[in-house]
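Analysis of the macromolecular model
This is what each chain is made of:
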Amino acid sequence: MSNAAAPAPQASDRADNPVHVAIIMDGNGRWAAARSLPRAEGHRRGVEALRRVVRAASELGILYLTIFSFSSENWSRPATEIGDLFGLLRRFIRNDLATLHRDGVRVRVIGERTGLEADICALLNEAEELTKANTKLTLVVAFNYGSRQEIAKAAQRLALEVAEGKREASSIDADVLGRYLDTPDIPDPDLIIRTSGEQRLSNFLMWQAAYSELVFVPIHWPDFDKAALEGAIAEYARRERRFGGLVAKTGS
Ligand code: FPP
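Sequence order as written defines the numbering, with residues in each chain counted from 1. Since the coordinates come from a predicted model, pLDDT governs what is reported: local features require at least 70, and pairs of side-chain atoms require 80 or more to be given and counted, while whole-chain, interface and lining totals use all residues. Water and hydrogen atoms play no part in the side-chain values, which are based on all heavy atoms of the structure.

With respect to the site of the ligand
- Within the structure, the ligand sits among 19 residues, and Met 25, Gly 29, Arg 30, Arg 39 and Arg 77 are positioned closest to it.
- Contact between the ligand and Asp 26: an oxygen atom at 3.2 Å from a side-chain N or O atom of the residue.
- Residue-level accessible areas treat just the shown protein chains as cover; the underlying method is Shrake-Rupley with a 1.4 Å probe. Protein contacts shield 91% of the accessible area of the ligand, which totals 630 Å² for the unbound molecule.
- Secondary structure is summarised from DSSP: a helix means a run of H or I of at least four residues, a strand means a run of E of at least two, and numbering begins at the N terminus for each. Broken down by secondary-structure element, the contributors of at least two residues to the shell around the ligand are helix H1 (28-33), helix H2 (39-59) and helix H3 (79-102).
- When residues of the shell around the ligand are assigned to their parent elements, the largest contribution, five residues, is made by H2.
- Taken together, the residues of the shell around the ligand break down into eight nonpolar, seven polar and four charged. A cutoff of 4 Å decides nearness: a residue is near a molecule or strand if any of its heavy atoms lies inside that distance of it. The definition of a polar contact used here is a pair of N or O atoms within 3.5 Å, where within protein one atom must be able to donate a hydrogen and the other to accept one, and adjacent residues in sequence count solely through side-chain atom pairs. Here the nonpolar group is Ala, Val, Leu, Ile, Met, Phe, Trp, Tyr, Cys and Pro; Asp, Glu, Lys and Arg are the charged ones; every other residue, Gly included, is treated as polar.

Here it is in structure tokens:
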């Protein structure tokens, strides 16, 4: 696609070909515990899995890959673990940004920036700025992200516009609210994968997931690889997406 002004592609209607895959990278701690290793080692190996999966997503023609790397609720973890996770994000951007850029990956960050340390904000801005013209794959990093917080923030901005007389309350519908979320330029995920066997969304993309297919895989995130991604996509391809309508019948 050469037209830079073209709208973001919409959620795929081809069941075997997800445009947007989102991943809840769960199980780093359990992976480490099973090996009598510190949790930090699980997270470190989680970053290695992330590198593999970004490469695999690109090879498989996925256009958007969203990863849940730090949730609004992760602040309740011990300070040392929070420090480890922030350290890994810093290192990931410092070490991998040039490679991501070379490989045509655009980095987008969603979530709340307020309250993050200045150097983290600067790194996130640098990653977005450097890669903004890339089109091979958009890597959406959900950092300090929570879906309820995102929706509440959108509601606040809309309420302010109504209070200031800039908008009629009756003009607010699902499309308008969707444009005030962190993802107005990103199609809804076709497929959401959660590793480690847990089966819930945990405040991740709850608005955007309205018609996503959910695939739960029993392996911990540090063991996730291209074959596991292909397995999840194969499961997705077996699903019948109806978006609230009826099953499409062939030949009618
Ligand atoms: C869940 O495992 C994972 C996280 C809370 C963070 C995911 C982070 C990474 C993969 C590494 C950092 C990311 C970047 C972009 C640098 P868990 O700790 O909840 O595992 P458990 O449920 O087994 O304890």
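There is more to say after this.
Looking at the side chain of Ser 72
- Within the fold, Ser 72 resides in the loop between strand S2 (64-71) and H3.
- Within the structure, the side chain of Ser 72 is placed 3.0 Å from the backbone nitrogen of Gly 146, a separation counted as a polar contact.
- Beyond its immediate stretch of four places on either side in the chain, Ser 72 contacts Asn 144, Tyr 145, Gly 146 and Gln 149. Should any heavy atoms of two residues lie within 4.5 Å, those residues are counted as being in contact.

Here's the deal with the pattern of salt bridges
- We define a salt bridge as a contact between a side-chain nitrogen of Lys or Arg and a carboxyl oxygen of Asp or Glu at a distance within 4 Å. Counted by the stated rule, this structure contains 28 salt bridges.
- For Lys 166, the salt bridge identified is with Glu 164, shortest N-O distance 2.9 Å.
- Note on classification: 1.4 Å probe, protein chains only; a residue is buried when its accessible area is under 20% of the maximum for its type, exposed when over 50%, partly exposed between these limits. Assessed through its relative accessible area of 61%, Lys 166 is described here as exposed.

Structural notes on the packing of aromatic side chains
- Note on ring pairs: Phe, Tyr and Trp rings are taken, using the six-membered ring of Trp, and paired if centres are within 6.5 Å. Classes follow the plane angle, with under 30 degrees stacked, over 60 edge-to-face and the rest tilted. For the coordinates displayed, the defined rule picks out ten aromatic pairs.
- For the pair Phe 86 and Phe 143, a centre-to-centre distance of 5.1 Å together with 70° between the ring planes defines the contact as edge-to-face. Of this pair, Phe 86 sits in helix H3 while Phe 143 sits in strand S4 (residues 137-145), placing them 57 residues apart in sequence.
- Since its relative accessible area comes to 5%, Phe 86 is described here as buried.
- The class of Phe 143 is buried, set by a relative accessible area of 3%.
- Centroid distance Tyr 211 to Phe 243: 5.8 Å. Interplanar angle 50°. Geometry classified as tilted. In this pair, Tyr 211 sits in the loop between strand S5 (191-194) and strand S6 (213-216) while Phe 243 sits in the segment after helix H7 (226-238), placing the two residues 32 residues apart along the sequence.
- Accessibility expressed as a relative area gives 45% for Tyr 211, which makes it partly exposed.
- Ring-pair connections join several aromatic residues into one group, and the members of that group are Phe 70, Trp 75, Phe 86 and Phe 143.

Let's talk about the pairing of S2
- In terms of burial, S2 is a largely internal element, seven of the eight residues being buried.
- As paired elements, strand S1 (residues 20-24) and S2 share five bridges and run parallel to each other. The residue of S2 that forms the bridge with Val 21 is Leu 65.
- Strand pairing is defined by DSSP finding a minimum of two bridges between the two strands. Taken together, the seven bridges between S2 and S4 define a ladder with parallel strand orientation. If you follow Leu 65 over to S4, its bridge partner there is Leu 139.

In short, geometric facts, not functional conclusions.
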